[in-house]
Amino acid sequence: MIINPAVTNGINLGTRLSAFASIGVAYGMTTDKDELIASFIQQGRMPMSMGYAILTALNLTNLIHQEYKQSQLAFQVRNMKSRWFDTKALFTMLIRMTRWADQLALAMEAKGFSEDRTMKLKVRVHWYDYLFLIGFPSVIIVVGILL
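Parameters at a glance
- The residue count restarts for each chain, going from 1 along the sequence in the order it is written.
- The model is predicted, so local features are restricted to residues of pLDDT at least 70 and side-chain atom pairs to those at 80 or more, both for listing and for counting; the totals for chains, interfaces and linings are taken over all residues.
- As a rule here, side-chain values cover all heavy atoms of the structure and leave hydrogens and water aside.
- Under the scheme used here, helices are H or I runs from DSSP no shorter than 4 residues and strands are E runs no shorter than 2 residues, and both carry numbers assigned from the N terminus.
- Only the C-alpha atoms count toward the radius of gyration. The rule for a globule is 2.2 Å times the residue count to the power 0.38.
- Burial classification: accessible surface area is computed with a 1.4 Å probe over protein chains only, and a residue below 20% of its type maximum counts as buried, one above 50% as exposed, and the rest as partly exposed.
- Whether two residues touch is decided by their heavy atoms; if any such pair falls within 4.5 Å, the residues are in contact.
- For the accessible areas, the method is Shrake-Rupley and the probe is 1.4 Å, while residue cover comes only from the protein chains on display.
- Axes here mean lines fitted to C-alpha atoms, for a helix over just the part in contact, with angles spanning 0 to 180 degrees between N-to-C directions.
- By definition in this entry, angles of less than 35 degrees are roughly parallel, angles greater than 145 are roughly antiparallel, angles of 65 to 115 are roughly perpendicular, and the rest are oblique.
- Handedness of a crossing is defined here by the sense of rotation of the near helix relative to the far one, left-handed for an anticlockwise turn of less than a right angle and right-handed for a clockwise turn.
- Under this grouping Gly is polar, as are all residues other than the nonpolar Ala, Val, Leu, Ile, Met, Phe, Trp, Tyr, Cys and Pro and the charged Asp, Glu, Lys and Arg.
- Helices are assigned an expected span. That span is 1.5 Å times one less than the residue count.
- Each pair of aromatic rings taken from Phe, Tyr and Trp, with Trp reduced to its six-membered ring, is defined by centres within 6.5 Å and is described as stacked if the planes are under 30 degrees apart, edge-to-face if over 60, and tilted in the remaining cases.

## Here we look at the overall build of the protein
Here comes step 1: Counting its regular elements, the protein contains six helices and zero strands.
Here comes step 2: Taken from the N to the C terminus, the helices and strands of the protein come in the order α-α-α-α-α-α.
Here comes step 3: Relative to the 2.2 N^0.38 estimate, which gives 15 Å for 147 residues, the radius of gyration of the protein is 23 Å and therefore markedly larger than a compact globule would have.
Here comes step 4: Each principal axis of the C-alpha distribution contributes one length, and for the protein these read about 65 × 50 × 20 Å.
Here comes step 5: Of all 147 residues assigned to the protein, the portion counted as buried reaches 13%.
Here comes step 6: Within the protein, residue pairs in contact and separated by at least 24 positions form 58% of the contacts whose partners lie at least 6 positions apart.
Here comes step 7: Just so you have it, the protein exposes about 12400 Å², and 67% of that area is on carbon and sulfur atoms.

Rendered as structure tokens:
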């Protein structure tokens, strides 16, 4: 049976894409976001303000959806037509979320969240972390050479 090379190429690219996506999903489902950000700040020398911004964005995804629904509901109460993806409701939601983020930043600054504060969560790098760092790429290279 002769297979078209374009089909073979498409299957190869599709399986590669699904492999990368499944690795990302597996990593995201098994990694604690608080430990990940603390590790970026402590071992990766990420600025604390950037780490808090990422952690806040991860924790607020559900709130963003609720704010959008509330904006749509506010337009419906005013008897204004609202479509599935309405830019008016989206713009209103963005303004409210920006105000909320400013208030949160001011509150964090007032509570002493700065670059000089200590970390509650200390992430330590163990010997098996280094073993995984060296061993996993080595196994992939050996399997790639053998196959």
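## Notes on the packing of helix 4 (residues 61–77) against helix 5 (residues 87–110)
A packed helix pair is summarised by two numbers, namely the angle formed by the two axes and the spacing between the axes.
Here comes step 1: Between helix 4 and helix 5, whose axes approach to 8 Å, the crossing angle comes to 130°. Taken together, the axes of helix 4 and helix 5 lie oblique to each other. Helix-helix and strand crossings are classified by hand; for helix 4 and helix 5 the assignment is right-handed. In this structure, helix 4 contributes Leu63, Ile64, Glu67, Tyr68, Gln70, Ser71, Gln72 and Phe75 to the contact, and helix 5 contributes Lys88, Ala89, Leu90, Thr92, Met93, Arg96, Met97 and Trp100.
Here comes step 2: Across the contact of helix 4 with helix 5, the residue classes break down as nine nonpolar, four polar and three charged.

## Examining helix 3 (residues 48–59)
Here comes step 1: Taking 1.5 Å per residue as the helical rise, helix 3 with its 12 residues ought to reach 16 Å, and the 16 Å between its terminal C-alpha atoms agrees with that figure.
Here comes step 2: Among the structural elements, helix 2 (33–42) and helix 5 are those in contact with the buried residues of helix 3.

## With respect to the environment of Leu60
Here comes step 1: As for its placement among the helices and strands, Leu60 is situated in the loop between helix 3 and helix 4.
Here comes step 2: On the basis of relative accessibility, which here comes to 15%, the residue Leu60 falls in the buried class.
Here comes step 3: Put simply, Leu60 and Met97 are 37 residues apart on the chain and 9.9 Å apart in space, counted from C-alpha to C-alpha.

## Side note on the packing of helix 2 against helix 3
Here comes step 1: For the pair helix 2 and helix 3, interaxial distance at closest approach is 9 Å and the crossing angle is 165°. Comparing their axes, helix 3 and helix 2 come out roughly antiparallel. The two elements helix 2 and helix 3 meet at a crossing, and its hand is right-handed. Contact with helix 2, carried on its side by Lys33, Asp34, Ile37 and Ile41, involves Met48, Gly51, Ile54, Leu55, Leu58 and Asn59 of helix 3 and no other residues of that element.
Here comes step 2: Counted by class, the contact of helix 2 with helix 3 contains six nonpolar, two polar and two charged residues.

## Description of unusual backbone geometry
Here comes step 1: For Arg45, which is not glycine, the phi dihedral falls at a positive 60°.
Here comes step 2: Secondary-structure assignment places Arg45 in the loop between helix 2 and helix 3.
Here comes step 3: When its relative accessible area of 68% is taken as the criterion, Arg45 is described as exposed.

## Considerations on the packing of aromatic side chains
Here comes step 1: Evaluation of the coordinates by the stated rule reveals two aromatic pairs.
Here comes step 2: Aromatic pair Trp127 and Tyr128: ring centres 5.6 Å apart, planes at 80°, arrangement edge-to-face.
Here comes step 3: Ring geometry for Phe132 versus Phe136: centroids 5.3 Å apart, planes at 15°, classification stacked. One end of the pair is Phe132 and the other is Phe136, both in helix 6 (residues 127–146) and four residues apart, which spans about a single turn.
Here comes step 4: Judged by its relative accessible area of 56%, Phe132 is exposed.
Here comes step 5: With relative accessibility at 45%, the residue Phe136 sits in the partly exposed group.

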